[in-house]
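Read off the chains here:
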Amino acid sequence: MGKTLFEKIWEKHVVKELPGGTFLLYIDRHLVHEVTSPQAFEGLRMTNRNVRRTDRTFATMDHNVPTDSHSVIKDAISRAQIEALEKNCADFDIELYGLNSDRQGIVHVIGPELGITLPGLTMVCGDSHTSTHGAFGTLAFGIGTSEVEHVLATQTLRQLKPKTFKVEFTGQLQPYVTSKDLILKLIGTIGTAGGTGYVIEYAGEAIRSLSMEARMTICNMSIEAGARAGMIAPDDTTFQYIAEKERPFAPLNGDFDQAVVYWKALPSDPDAEFDRTLIIEADKIAPQVTWGTNPGMVLDVTGAVPEPDEVPGYSRRDVDQALKYMGLTPGTKLTEIPLDTVFLGSCTNARIEDLRRSANILRGRKKADNLRVMVVPGSQQVRQQAEAEGLDEVFKDFGAEWRLAGCSMCLGMNPDQLKEGERCASTSNRNFEGRQGKGGRTHLVSPEMAAAAAIEGHFVDLRTWTTE
Amino acid sequence: MEPFTTFRGLIATLDRANVDTDQIIPKQFLKSIKRTGFGENLFFDWRYLPNNKPNPEFELNAPRFQGAGILVTRNNFGCGSSREHAVWAIKQYGFQVVIAPWKEQDGTRIPGFADIFRNNSVKNGLLTIELGPDEVDQIFGLVDRFPGLEGTVNLEELRFVLHLDEEIACHFDIEPTVKEHLLRGLDDIDLTMEHESDIEQFEQSHSFIGVPD
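Nothing here was measured: the structure is a model prediction, and the numbers come from that model.

1. What to know about the sheet that holds strand S2 (residues 22–26) of chain A
Residues and elements named next belong to chain A.
Moving on, step 1. A sheet is described by the order of its strands in space; here three strands give the open sequence S1-S2-S8, paired in antiparallel fashion. The open sheet is flanked by strand S1 (14–18) and strand S8 (156–160), the only strands paired with a single partner. On average, adjacent strands in this sheet sit at an angle of 25 degrees to one another, irrespective of strand direction.
Moving on, step 2. Bridge count between S1 and S2: four bridges; the pairing is antiparallel.

The following block contains the structure:
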């Protein structure tokens, strides 16, 4: 029987099978950021252990970082956490892309950008959105701080083998429907725990047509479906992305050609069997908008806020609580909900293509009155690229704030936060209560949908939208 | 890590599904570089009013649940971010055990706990127990009817007992490796370092792509 993409990478990285069904899995790349690492480094110090492979470990700072200035961090506790990472990287000899580095950015944006992320590798980070890197055909997943310490000390993890789940998107996407809509549709279909225990492989015609950055968006939100990892088989799009510009950690010349031979053997064999499969008709998918307090509470933009007893998979109590928190009345059309803020950013949708696509919609227009629009590039390199293309001017002329790289309002661990009751169209990944600021109300959408909402002050169906 | 063998404690219920780690410990508390001090901020946004007084509407603030050591909740507990701070907060608050039901959906069984949360729990000696949806419904009902209801978990025997006049016992399953880990309170890094020569050998034959050696 053939093997899946996941199985091929898994088997190549098993150091040893241990009694009781645990596997000792080798980790090729470890990304580190300031929030989930300090206690891990403290653990190493207490036990007198070292970092085993400093050459496989890369650090940056993103969660705590203010996006108006990288030189002034007013919050003393945030500053202490950032300084702790600086000290830990210096003490343990780890490469750090800090606030003064032009390589700084959201950890899941800089990995692919620098060629740290490559097909066929295992990759971890103390961050659930590590699933992003699966877009390259990489087995990449988030871990907690104890596991961060374990990888630092041993370059391995003790893992139970996950099950495999193939999600096939047939047909081609309609215009203005994006990979963000694909993943939101999937989560709406299987729920936020539907993928728990599985590694998802995304396949099908609609996936093959996606750019690398669009693939990263879909893999990024695998965790929102409960799956620790989401993967897409590498193909020419992948190889071209890796080779198209200078990526300091990607192989070159003969090494690249040799790597491509390995990469081309990675896709799941035609007769490979998955523990579960699901087919979704991509050509039937409309732009998606979340209405509730988890990413599975999502509907087509043409829909209306549901009645509490008509949401499959949720108890009435949970829907009541979500509607109350979101300040929504059943029956209200999603296109009639007035917005206060539009946030374009996060590890889900803050890459150069995301900025280009939203800029194309905004160009020459003005934002709706009384709306705050924030554009936060995912990395300093994305920021530079956007400025080289003049996108910053498009955003600024539109009336948006053009900011420095960081996680920003995706999780509000830094000064970028919603106020109590503020409603935001966000290109990020989580609409949990309080996620973007205590009492803030989040609607997850694609960059295109967010851009159009910034013009109108409410959501529109991009497929039929006409504007002055 | 302290070994986990048996635990008896007061049961508290939280009747919400998909409780995410942003609710368990909101982001402002992740700025700490310590492993302690999280318990008082568990469920912060639900638990406290804007004036920082306890919110009387929040389930766990009920007088009858004070001092609880076992939390019974609904499906997909701990979803969302990988923050281990969520597990530290639950443990430091005083819970030693969390119980959640699996869920049948489209012919598959959806686990009671999110993956990363569950892994983090094991590393910290927090026992997560998955029971059937009917069993969990029954526990919710009994806790409602019998304030002060206590339960005992025996990990060796994989039994959870409710201390009623006539005791009710449920069996639970757990991976043998997880059970062993918790029972013995093992340190993972020590265990892995026993295989250091295997790791070295692996590294010698493993083809590293990219990153110059």
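2. Quick look at the sheet that holds strand S3 (residues 97–101) of chain B
Residue and element names in this part refer to chain B.
Moving on, step 1. Taking strand neighbours across the sheet as the criterion, the seven strands line up as S6-S3-S2-S1-S7-S8-S9 in an open arrangement whose pairing is mixed. Either end of the sheet is taken by a strand with one partner, and the two such strands are strand S6 (127–131) and strand S9 (168–171). For this sheet the average axis-to-axis angle between neighbouring strands, irrespective of direction, equals 25 degrees.
Moving on, step 2. Relative to S9, strand S8 (residues 159–162) runs antiparallel, the two sharing four bridges.

3. Quick word on the pairing of strand S7 (residues 139–142) of chain A
Residues and elements named next belong to chain A.
Moving on, step 1. Side chains Leu139 and Phe141 project from S7 onto one buried face, and the interleaved Ala140 and Gly142 project onto a second face that is buried too.
Moving on, step 2. Of the strand pairs in this sheet, strand S6 (residues 122–125) and S7 are connected by four bridges, and their pairing is parallel. Bridge pairing links methionine 123 to alanine 140 in S7.

4. Observations concerning helix H6 (residues 176–184) of chain B
Residues and elements named next belong to chain B.
Moving on, step 1. Of all the positions in H6, only Val178, His181 and Leu182 are classed as buried. With its buried residues spanning 90 degrees around the axis, H6 presents them on a single face.
Moving on, step 2. On its buried face, H6 sits against helix H4 (115–123) and S6.
Moving on, step 3. Positioned one or two residues after H6, glycine 185 has a phi angle of 60 degrees, which is positive.

Definitions and cut-offs
- Residues numbered from 1 in each chain as written.
- Chains lettered and ligands numbered in written order.
- Predicted model: local features only at pLDDT ≥ 70, side-chain atom pairs only at ≥ 80, totals over all residues.
- Pairing = 2+ DSSP bridges.
- Helix = DSSP H or I, 4+ residues; strand = E, 2+ residues; numbered from the N terminus.
- Axes fitted to C-alpha atoms, helices over the stretch in contact; angles between N-to-C directions.
- Buried ≥ 20, exposed ≤ 12 C-beta atoms within 10 Å, placed from the backbone.
- Arc of directions from axis to C-beta.
- Contact = placed C-beta atoms within 7 Å.

Worth remembering: the numbers are spatial, not functional.
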